[in-house]
Amino acid sequence: MKFFVDTADISEIKKINETGMLDGVTTNPSIIAKSGKNFLEVIKEISTILDDRPVSAECVSLDYNTMMKEAEKLLTLGNNITIKVPLTVDGLKACKELSDNGVDVNVTLCFSANQALLAGKAGARYISPFVGRHDDWGIDGMDLIADICNVYDNYDFPTEVLVASARHPQHLLSSAKIGADVITIPPKVFYQLYQHPYTDLGLNAFEKDWAETGQSIL
Ligand code: G3P
């Protein structure tokens, strides 16, 4: 399972990159606004840190022609840019055109398996179903992931299921059990994955007992 982080916070990206676990970065207009940085500059910076791993940068226009122009500009920011488009008629038209020309496209704001099917037909590299925003409405977001994985298993789409709007470690575990290809998580959730109280308790006991031996390895 690939781990992406859903942030434009450069210091967090650098820190997580050093763990050796980072497979990519995703952003959206809200994340860019939160960063307070210039969109093009911050994407360029993230692209350099990530090197050959994918960085999703989202088109903000809603019509096909302007979306294509935005995509063209975003692609100049690095060799690892994935173009993010919304799941609309124009978004999927742009997805098809870009994908046919060898550009990786991440189709975002997916809330149904039928939408995911359309993105697959449009040649998307990633489909981003939003699990947390489903949960917000009292609907289990993981059912959507299972449905999309089932549908994709029946066909030969080039599309990876990228679980988005993931808000806690349980989203990650459930996605992994279903077999989703990728998950994008906030930095906080990334660090939560490492944590378990029994790990801390065990470590404390080992430290204490080791100190009593008076020995040192080095
Ligand atoms: O990038 C899309 C998605 O991850 C947003 O998450 O928490 O704002 O629903 P959230």
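Presented here is a report on the structure given in the accompanying data block. These numbers were taken from a predicted model, which means no experiment stands behind them.

Topic: a negative patch on the surface
Judged by side-chain charge, D135, D140, D143 and D147 come together as a negatively charged surface patch. Topologically, D140 is positioned in the loop between helix 7 (131-135) and helix 8 (141-153).

Looking at helix 11 (residues 197-213)
Over its 17 residues, helix 11 extends 25 Å from the first C-alpha to the last, a length consistent with the 24 Å expected when each residue adds 1.5 Å. Of the residues one or two after helix 11, G214 is the one with positive phi, at around 70°.

As for the packing of helix 6 (residues 113-121) against helix 8
Between helix 6 and helix 8, the shortest axis-to-axis distance is 9 Å and the interhelical angle comes to 40°. Taken as axis vectors, helix 6 and helix 8 run oblique relative to one another. At the point where helix 6 passes helix 8, the crossing takes the right-handed sense. In this structure, helix 6 uses A113, A116, L117, A119 and G120 to contact helix 8, whose residues at the interface are L144, D147, I148, V151 and Y152.

Things to note about the site of the ligand
All residues in the neighbourhood of the ligand are listed as D6, N28, K84, F130, R133, A164, S165 and R167. Residue N28 places a side-chain N or O atom 3.0 Å away from an oxygen atom belonging to the ligand. At 2.6 Å, a side-chain N or O of R133 approaches an oxygen atom of the ligand. Protein chains bury 82% of the 310 Å² of accessible surface belonging to the ligand in isolation. A breakdown of the residues in the shell around the ligand according to their chemical character gives two nonpolar, two polar and four charged.

Topic: the pairing of strand 5 (residues 105-110)
Of all six residues in strand 5, five are buried; the element is thus mostly enclosed. Relative to strand 5, strand 4 (residues 81-86) is paired through four bridges, and the arrangement is parallel. Counterpart to P86 in the pairing with strand 5 is T108. The parallel pair strand 4 and strand 5, bridged by helix 5 (residues 89-100), forms a crossover whose chirality is right-handed. When strand 5 meets strand 6 (residues 126-129), the two strands line up parallel, connected through three bridges. By the bridge assignment for strand 6, V107 is matched with I127.

Structural notes on the packing of aromatic side chains
Considering all chains together, one arrives at six aromatic pairs under this definition. When the centroid spacing of 5.5 Å and the interplanar angle of 55° are considered together, the rings of F111 and F130 count as tilted. With F111 in the loop between strand 5 and helix 6 and F130 in the loop between strand 6 and helix 7, this residue pair connects regions lying 19 residues apart in the sequence. Residues Y152 and F157 carry aromatic rings whose centres are separated by 5.5 Å and whose planes lie at 70° to one another, so their mutual orientation is edge-to-face. The exposure class of F157 is partly exposed, given its relative accessible area of 22%. Across the ring face of Y64, the terminal group of K93 is positioned such that the distance to the ring centre comes to 4.3 Å.

About the cut-offs
- Residues numbered from 1 in each chain as written.
- Predicted model: local features only at pLDDT ≥ 70, side-chain atom pairs only at ≥ 80, totals over all residues.
- Heavy atoms only, no water.
- Patch = residues over 30% accessible without salt bridge, like charges linked within 9 Å, V, L, I, M, F, W, Y side chains within 5 Å.
- Areas by Shrake-Rupley, 256 points an atom, 1.4 Å probe, with all protein chains shown as cover.
- Salt bridge = Lys/Arg side-chain N within 4 Å of Asp/Glu carboxyl O.
- Lys, Arg positive; Asp, Glu negative; His and termini not counted.
- Charge placed at Lys NZ, Arg CZ, Asp CG, Glu CD.
- Helix = DSSP H or I, 4+ residues; strand = E, 2+ residues; numbered from the N terminus.
- Expected span 1.5 Å × (residues − 1).
- Axes fitted to C-alpha atoms, helices over the stretch in contact; angles between N-to-C directions.
- Parallel < 35°, antiparallel > 145°, perpendicular 65-115°, else oblique.
- Left-handed = near helix turned anticlockwise from the far one by under 90°.
- Contact = heavy atoms within 4.5 Å.
- Near = heavy atom within 4 Å.
- Polar contact = N/O pair within 3.5 Å; in protein donor to acceptor, adjacent residues only side chain to side chain.
- Nonpolar A, V, L, I, M, F, W, Y, C, P; charged D, E, K, R; others polar.
- Buried < 20%, exposed > 50% of the residue type's maximum accessible area, 1.4 Å probe, protein only.
- Pairing = 2+ DSSP bridges.
- Right-handed = clockwise from strand over helix to strand, strands pointing away.
- Phe/Tyr/Trp six-rings, centres within 6.5 Å; stacked < 30°, edge-to-face > 60°.
- Lys NZ or Arg CZ within 6 Å of the ring centre and 35° of its normal.

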